[in-house]
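# Architecture and fold: a report
If you want the building blocks of each chain, they are given just below.
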Amino acid sequence: MTDADDLRRRTAELLAAHPPGTNGRLEFLRARFDAGLAWVHFPRGLGGLDAPRSLQAVVDAELEAVGAPGNDPGRIGIGLGMAAPTILRFGTDEQKQRFLRPLWTGEEVWCQLFSEPGAGSDLAALATRAVREDGGEAGSGGDWIVDGQKVWTSSAHLARWAILIARTDPGVPKHRGISYFVCDMTDPGVEVRPLRQITGEAEFNEVFLTGVRIPDAHRLGAVGEGWKVAQTTLMNERVAIGGARIPREGGMIGVAAADWRARPELRTHDLHQRLLKLWVEAEVARLTGERLRQQMTKGQPGPEGSGMKLAFARLAQEISGWEVEFLAEDGLTYDDWTMRRPDGVDFTGREAGYRYLRAKGNSIEGGTSEVLLNIVAERVLGLPPEPRTDKDVAWKDLPR
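The paragraphs below set out a description of the structure included in this document. Every value quoted in this text rests on a predicted model; they were computed, and no experiment measured them. (Residues numbered from 1 in each chain as written. Predicted model: local features only at pLDDT ≥ 70, side-chain atom pairs only at ≥ 80, totals over all residues. Heavy atoms only, no water.)

## Structural notes on helix α4 (residues 77–90)
- Taking 1.5 Å of rise per residue, 14 residues should cover 20 Å, and α4 covers 19 Å from first to last C-alpha, within 8% of that figure.
- At Ala83, α4 shows its maximal bend, which comes to roughly 40 degrees, and the proline Pro85 appears one to four places after that position.
- In terms of burial, α4 is a largely internal element, eleven of the 14 residues being buried. (Helix = DSSP H or I, 4+ residues; strand = E, 2+ residues; numbered from the N terminus. Expected span 1.5 Å × (residues − 1). Bend = angle between axes of the 7 residues up to and from the residue. Buried < 20%, exposed > 50% of the residue type's maximum accessible area, 1.4 Å probe, protein only.)

Have a look at this one:
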């Protein structure tokens, strides 16, 4: 039985065998994965020890205390938060062995090929097609040929691999004719184009797939059951976006509070009252996130993660708006409008103007706030679902 003391002992053994100051970063991360200290709740041999998820904090604290290198989760967040739990649940043994270690160490960056120009909020309406070469059957080992377009793809310009959903049977209702694949972003036929955002940067991309060949061995889950697999990805995505562990007065509310303390000449009664309200709401969201993570130690994330992501988006927009208003003309400054393709998003290390603009995307990415409100209403509160007239109509017969 792995407990906190056992994890401290294992961590000490890792540090003794691979001192961070004398070993390369990648060598240390590989050794940490092999020791089962990457994500302790994963199975043995896959970076874990079959331990309770809550004990990960014990390992992280020990390594942080000695300045051990991390795996830069901001850069590989899609792999860590979305691809990994999906591969763990639905992948074959070969897929788990091939993908999880370089995913966790950051040697291979992942992206998510889900949304399309005509299938964003209504993701199940996606039109990207995957056709079995020569009409082979599932399990025959043949390749799939994929054609279509994806959009709003974060990190596609950095990624080696992508989690991809595509339509494999247009003759059944939209949710039932989808399959889930792992796509090699370096393969012929994959074209990545930048999408410049309101911030001036292009962390998002659009991806064009033209005759891309994907081996059947890179399919996750059964043919036609991709929507079921995708639900695991989406629920983990919303927890990853909205449920990140932060300290009290951390994140964007911490930046706003620091601004308030540093600029007494800008304070007004109205701004004070609004800041207090936002501080309380941010703390409620933080504590709710802690409770959600405790629930996750007992199983897969549920629809509650949609509520966390919904709260995160609203708070980020309201806090950044408060900050711009509080700082007056200083809140309108912007450091660099150069077209760049960054490795990730930095909500606390940039100026207020960047936070204000970038937060506008929080209510769109990872599921729009409108869709998440429906999920919370129907799956958490048990309210009657909205009428859906297309549930039993074949995808090919839907108006477009």
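## Notes on the pattern of salt bridges
- All chains considered together, the criterion is met by 36 salt bridges.
- Measuring nitrogen to oxygen at the nearest pair gives 3.3 Å for the salt bridge that ties Arg132 to Asp216. Of this pair, Arg132 sits in strand β2 (residues 129–132) while Asp216 is found in the loop between β7 (204–215) and β8 (219–220), placing the two residues 84 residues apart along the sequence.
- With a shortest N-O distance of 2.7 Å, Arg340 and Glu201 are connected by a salt bridge. With a gap of 139 residues between them, Arg340 in the loop between α9 (304–327) and α10 (352–358) and Glu201 in the loop between β6 (190–195) and β7 connect regions that are remote in the sequence.
- Residue Arg340 is classed as partly exposed on the basis of its relative accessible area, which comes to 30%.
- One network of salt bridges, in which partners are shared, links Asp6, Arg9, Arg10 and Glu13. (Salt bridge = Lys/Arg side-chain N within 4 Å of Asp/Glu carboxyl O.)

## Observations regarding the layout of surface pockets
- In this structure, the second largest pocket spans a volume of roughly 220 Å³.
- Lining the second largest pocket are twelve residues, with Thr288, Arg291, Glu304, Gly307 and Met308 sitting closest to its centre.
- Only α8 (269–296), α9 and α11 (369–380) provide two or more residues apiece to the lining of the second largest pocket.
- Examining the composition of the lining of the second largest pocket, we find that six residues originate from one element, α8, more than from any other. (1 Å grid on protein atoms, 1.4 Å probe; cavity = no way out; pocket = protein on both sides within 12 Å on 5 of 7 lines; lining within 4 Å. Points joined across faces, edges and corners; volume = space filled by probe spheres on them.)

## Considering the packing of helix α1 (residues 4–17) against helix α3 (residues 56–65)
- Running from N to C, α1 and α3 point in directions that differ by 35 degrees, and their axes come no closer than 9 Å. Viewed along their axes, α1 and α3 form a crossing whose handedness is right-handed. Within the contact between the two elements, α1 uses Ala4, Leu7, Arg8, Thr11, Leu14 and Leu15 and α3 uses Val58, Val59, Glu62 and Leu63.
- Taken together, the residues that form the contact of α1 with α3 break down as seven nonpolar, one polar and two charged. (Axes fitted to C-alpha atoms, helices over the stretch in contact; angles between N-to-C directions. Left-handed = near helix turned anticlockwise from the far one by under 90°. Contact = heavy atoms within 4.5 Å. Nonpolar A, V, L, I, M, F, W, Y, C, P; charged D, E, K, R; others polar.)

## Here we look at unusual backbone geometry
- Positive phi values are uncommon outside glycine, yet Asp50 reaches one of about 55 degrees.
- Within the secondary structure, Asp50 is located in the loop between α2 (25–34) and α3.
- A residue is classified by how much of its surface remains accessible, and Asp50, at 52% relative accessible area, is exposed.
- The backbone of Ala328 sits at a positive phi, close to 55 degrees, despite the residue not being glycine.
- Tracing the chain through its elements places Ala328 in the loop between α9 and α10.
- Since its relative accessible area comes to 32%, Ala328 is described here as partly exposed.

## Quick look at the nonpolar core
- Counting residues in hydrophobic clusters, the biggest one holds 55 residues, and the most contacted among them are Trp39, Trp110 and Met185.
- In terms of residue count, the dominant contributor to this core is α4 (seven residues).
- The residues contacting Trp39, other than those within four sequence positions of it, are Phe33, Leu46, Gly47, Gly48, Gln56, Leu80, Ala84, Leu100, Leu103 and Trp104.
- Within the second largest apolar cluster, 19 residues are counted, among which are Ala256, Ala285, Phe347 and Ala359. (Core = buried A, V, L, I, M, F, W, Y, C linked by side-chain atoms within 4.5 Å.)

## Brief notes about the environment of Gly344
- Tracing the chain through its elements places Gly344 in the loop between α9 and α10.
- Separated by 189 residues in the primary sequence, Gly344 and Ser155 place their C-alpha atoms 7.6 Å from one another.

## Quick word on the side chain of Thr199
- Take Thr199: it is sitting in the loop between β6 and β7.
- Residue Thr199 is classed as buried on the basis of its relative accessible area of 1%.
- When residues no more than four places from it in sequence are discounted, the contact partners of Thr199 are Tyr334, Trp337, Tyr354, Leu357 and Arg358.

## Here's the deal with the pairing of strand β4 (residues 161–167)
- Among the seven residues of β4, seven are classified as buried, and the element is accordingly described as predominantly covered.
- A two-sided burial pattern is seen for β4, the buried positions comprising Trp161, Ile163, Ile165 and Arg167 on one face and Ala162, Leu164 and Ala166 on the other.
- Pairing of β4 with strand β5 (residues 178–184), which is carried by seven bridges, proceeds in the antiparallel orientation. Note that in β5 the partner of Ile163 across the bridge is Val182. (Pairing = 2+ DSSP bridges.)

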